[in-house]
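Spelled out, the chains give:
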Amino acid sequence: MTESLNFSAIILAAGKGTRMKSDIPKVLHKVAGLEMIFHVINAAQSAGVSHTTIVTSPIQVDLRDNILAKASDYNLTMAVQEQQLGTGDAVKAALPLAGNPDKVLILFGDTPLMRPDVLQQMVGDSSDITLLGFMTDTPDGYGRIICEDGKPIAIIEHKDADEETRHIKLCNGGALAVNATLLPDLLNGLENNNAQSEYYLPDIVRLAHAQNISIGLVVCQQEDTLGVDTKTGLAKAEALMQNRLRQKHLDNGVSMTAPETVYFSYDTQIGPDSSIEPHCIFGVDVKIASEVTIKGFSHLEGVLAETGVQIGPYARLRQGTRLGAGAKIGNFVETKKAQIMEDAKVNHLSYIGDAYIGEGANIGAGTITCNYDGYDKHLTEIGAGAFIGSNSSLIAPVKIGDGAYIGSSSSISGEIEAESLALTRAPLKEIEGWSVKFRMKKTKTDEAKDK
Ligand code: UD1
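Note that the structure is a prediction, hence the values are computed from the model and not measured.

(A) Expanded view of the packing of aromatic side chains. Taken as a whole, this structure holds seven aromatic pairs when the rule is applied. Measuring from ring centre to ring centre gives 5.1 Å for Tyr 314 and Phe 332, while their planes differ by 15 degrees; the resulting arrangement is stacked. Pair noted here: Tyr 314 is in the loop between β20 (310-311) and β21 (316-317) and Phe 332 is in the loop between β23 (328-331) and β24 (334-340), with a separation of 18 residues, a long-range link. For Phe 332, a relative accessible area of 47% puts it in the partly exposed group. Seen from their ring centres, Trp 434 and Phe 438 are 4.9 Å apart, and the 10 degrees between their planes marks the pair as stacked. Of this pair, Trp 434 and Phe 438 both sit in helix α9 (residues 434-450), four residues apart, which is roughly one turn of the helix. Take Trp 434: its relative accessible area is 48%, and that puts it in the partly exposed class. Above the ring of Tyr 263, the side-chain terminus of Arg 246 is found at 4.9 Å from the ring centroid. For the cation-ring pair, Lys 377 lies above Tyr 372, with the distance from its terminal atom to the ring centre recorded as 5.2 Å.

Dropping the structure here:
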């Protein structure tokens, strides 16, 4: 049973990734806002592995630093494969760091769509070696799984396969779960007399079969094992991941009229009975409670919204936006580091940054918090029930007391007492008949010019 066994994962990432045409290491490219390798690490963790070793090449210093900097929550070690001599050699480089598990789950760092439930099936299989296979009508490039009496006995790489083998549609997905006691000897038995002169990891299947070691097979969908090598592959992985995320939110009770136009981050959380209108984009770190409405063309990242909040259309909510229950953010409103309390409203054309807006306050159209003086950011505090007239500039640091009124078009700084009225509008000046005189003067000048 899986409960009593101890699993560790080895994730291979030492490949050059040159086809990505990028200075960024391949496995650090993001899918749904998360680096590919972290999708793989997370899937392995969810499947129950206790420890993960990542195989990198000697020059991938940035990759190692980058992973370790983000990996404080993970039990991770880094192995270095001195030369890229093949997937079998890469696993060998990781073995001394892989601990003392019962089984080792071997994965590729460029497969962001690997599902935890597929990995659970693999580690739960009682065979000494469990392969991951998939059926496809377009098997070119993949290793083919050779079966005898329905049992896998070998994997032959596409480049080494004869015509008959190339017709096989059962392909190697790459991942393997292997009895840790048997793995070192199997790896030591690998040779590189093949089309690529590499030590192929899949060759351990042939070696295991020759030694009567039990071999099992888990079959998954082709997309689960998709390996990303190019920017086209990255876009394909993103599209597939978005479909999964859309389905997950629909299954959780989120309404979407056009889910295919909504883009989620891997970590987006949305409560049931919330509804998302078309063309919304979620960046990382968004948590939305239930019964929240997000109208079309809104963009959110780093947002926490309580029950009953209404957002958009065309709202841009940035990092550090906190919306209390029933708060309303309307069209063309941008917020950043803004705590907008229960039932407060910012309905039209505003920028609210580095601000606290009290319960039930009303921020009129066009109000701007002037939070930045070119050097520092300053705070705007608006009390509960305050009313900020349209087109006001709140020049931070500024504190407006509970229930205060700010006259429209005011420029306010400093502190305004609770329940006061504050306004900085210039007095109205009206000159009767001025425009008639002005036009006459202009017409005469034009006539003079024409002569
Ligand atoms: C591999 C399998 C193939 C399978 C396919 C599924 C081998 C020999 N072939 O081929 O049967 O159908 O996956 O996608 O395993 N890597 C290293 N060090 C190396 C070589 C590779 O760390 O020396 C890493 C790469 O960074 C990559 C992974 O191993 O993450 C897979 O290597 P790759 O060369 O892409 O194997 P495939 O051609 O995809």
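(B) Representation of the domain arrangement of the chain in the model. When its domains are assigned, the chain resolves into domain 1 (2-225) and domain 2 (231-422). Between domain 1 and domain 2, the C-alpha centre-to-centre distance is 43 Å. Opposite the 16 residues of domain 1 that make contact, domain 2 presents 13 residues. Counting each side, the surface lost to burial between domain 1 and domain 2 is near 1200 Å², with a carbon and sulfur contribution of 65%. It is Met 20, Ala 32 and Leu 113 in domain 1 that bury the most area against domain 2; as a group they hold 44% of the surface buried on that side. At the boundary of domain 1 with domain 2, the tally comes to two salt bridges. Residue Arg 244 pairs with Asp 224 through a salt bridge whose shortest N-O separation is 2.8 Å. Where domain 1 packs against domain 2, one counts six residue pairs in polar contact (both at pLDDT 80 or more). Among the secondary structure elements, those contributing two or more residues to the side of domain 1 that touches domain 2 are β2 (30-31) and α1 (36-46).

(C) Just unusual backbone geometry, in detail. Residue Pro 313 is bonded to the preceding Gly 312 through a cis peptide linkage, with omega at 5 degrees. Following Ala 396, the chain continues to Pro 397 via a peptide bond in cis, the omega torsion being 5 degrees. For Pro 397, the location among the structural elements is in strand β31 (residues 393-400). A positive phi angle, close to 50 degrees, is found at Asp 149, a residue other than glycine. Structurally, the position occupied by Asp 149 is in the loop between β8 (144-148) and β9 (151-156). A relative accessible area of 78% places Asp 149 in the exposed class.

(D) Local environment of the site of the ligand. In the vicinity of the ligand lie 19 residues, with Gly 15, Gln 81, Thr 87, Glu 157 and Asn 172 positioned nearest. A distance of 2.8 Å is found between an oxygen atom of the ligand and a backbone nitrogen or oxygen belonging to Gly 15. Interatomic distance of 2.6 Å between a backbone N/O atom of Asn 172 and an oxygen atom of the ligand. Taken together, the residues that form the shell around the ligand break down as nine nonpolar, eight polar and two charged.

(E) Representation of the pairing of strand β10 (residues 170-179) within the structure. Burial analysis of β10 places ten of its ten residues in the buried class, the great majority of the element. Relative to β10, strand β6 (residues 103-108) runs antiparallel, the two being bridged by four bridges. The residue of β10 that forms the bridge with Val 104 is Val 178. Bridging between strand β7 (residues 129-135) and β10 involves six bridges; their strand directions are antiparallel. Directly across from Ile 129, in β10, lies its bridge partner Val 178.

(F) Representation of the pairing of strand β5 (residues 76-80) in the model. Taken together, the five bridges between strand β4 (residues 51-56) and β5 define a ladder with parallel strand orientation. Among the inter-strand pairings, Thr 53 is bridged to a residue of β5, identified as Thr 77.

(G) A look at the packing of α1 against helix α4 (residues 116-124). Where α1 contacts α4, the two axes come as close as 8 Å, and the packing angle between them is 50 degrees. As the angle between them shows, α1 and α4 are arranged oblique. At the point where α1 passes α4, the crossing takes the right-handed sense. Contact with α1, carried on its side by Ala 43, Ala 44 and Ser 46, involves Pro 116, Leu 119 and Gln 120 of α4 and no other residues of that element. Of the residues that constitute the contact of α1 with α4, the class distribution is four nonpolar, two polar and no charged.

(H) How the structure looks around the environment of Leu 217. With respect to the helices and strands, Leu 217 occurs in strand β11 (residues 215-219). Residues Leu 217 and Lys 437 lie 220 residues apart in sequence; the distance between their C-alpha atoms is 93 Å.

(I) Expanded view of the nonpolar core. The biggest cluster of nonpolar side chains holds 55 residues, and the ones touching the most others in it are Phe 282 and Ile 400. At the level of secondary structure, the elements contributing two or more residues to this core comprise α8 (231-251), β16 (286-288), β19 (303-305), β24, β26 (351-357), β31 and β33 (411-416). The residue makeup of this core includes at least three contributed by each of domain 1 (2-225) and domain 2 (231-422). Filtering out sequence-adjacent residues up to four positions away, Ile 400 remains in contact with Glu 381, Ile 382, Gly 383, Ala 386, Ile 388, Leu 394, Ile 406 and Ile 416. Listed in part, the 35 residues of the second largest apolar core include Phe 38, Val 40, Met 78 and Ala 177.

(J) Looking closely at the sheet that holds β23. Read from one edge to the other, the open sheet built from ten strands follows the order β12-β14-β17-β20-β23-β25-β27-β30-β32-β34, with strand pairing classed as parallel. Edge positions in the sheet fall to β12 (255-256) and β34 (421-422), since each has one partner strand and no second. As defined by bridge partners, β23 adjoins strand β25 (residues 345-348) across three bridges and the pair is classed as parallel. Across the sheet, the residue bridging to Ile 329 is Val 346, located in β25.

Scoring rules and cut-offs
- Residues numbered from 1 in each chain as written.
- Predicted model: local features only at pLDDT ≥ 70, side-chain atom pairs only at ≥ 80, totals over all residues.
- Heavy atoms only, no water.
- Phe/Tyr/Trp six-rings, centres within 6.5 Å; stacked < 30°, edge-to-face > 60°.
- Helix = DSSP H or I, 4+ residues; strand = E, 2+ residues; numbered from the N terminus.
- Buried < 20%, exposed > 50% of the residue type's maximum accessible area, 1.4 Å probe, protein only.
- Lys NZ or Arg CZ within 6 Å of the ring centre and 35° of its normal.
- Domains from an automatic or database assignment.
- Contact = heavy atoms within 4.5 Å.
- Buried area = accessible area lost by both parts, 1.4 Å probe.
- Salt bridge = Lys/Arg side-chain N within 4 Å of Asp/Glu carboxyl O.
- Polar contact = N/O pair within 3.5 Å; in protein donor to acceptor, adjacent residues only side chain to side chain.
- Near = heavy atom within 4 Å.
- Nonpolar A, V, L, I, M, F, W, Y, C, P; charged D, E, K, R; others polar.
- Pairing = 2+ DSSP bridges.
- Axes fitted to C-alpha atoms, helices over the stretch in contact; angles between N-to-C directions.
- Parallel < 35°, antiparallel > 145°, perpendicular 65-115°, else oblique.
- Left-handed = near helix turned anticlockwise from the far one by under 90°.
- Core = buried A, V, L, I, M, F, W, Y, C linked by side-chain atoms within 4.5 Å.

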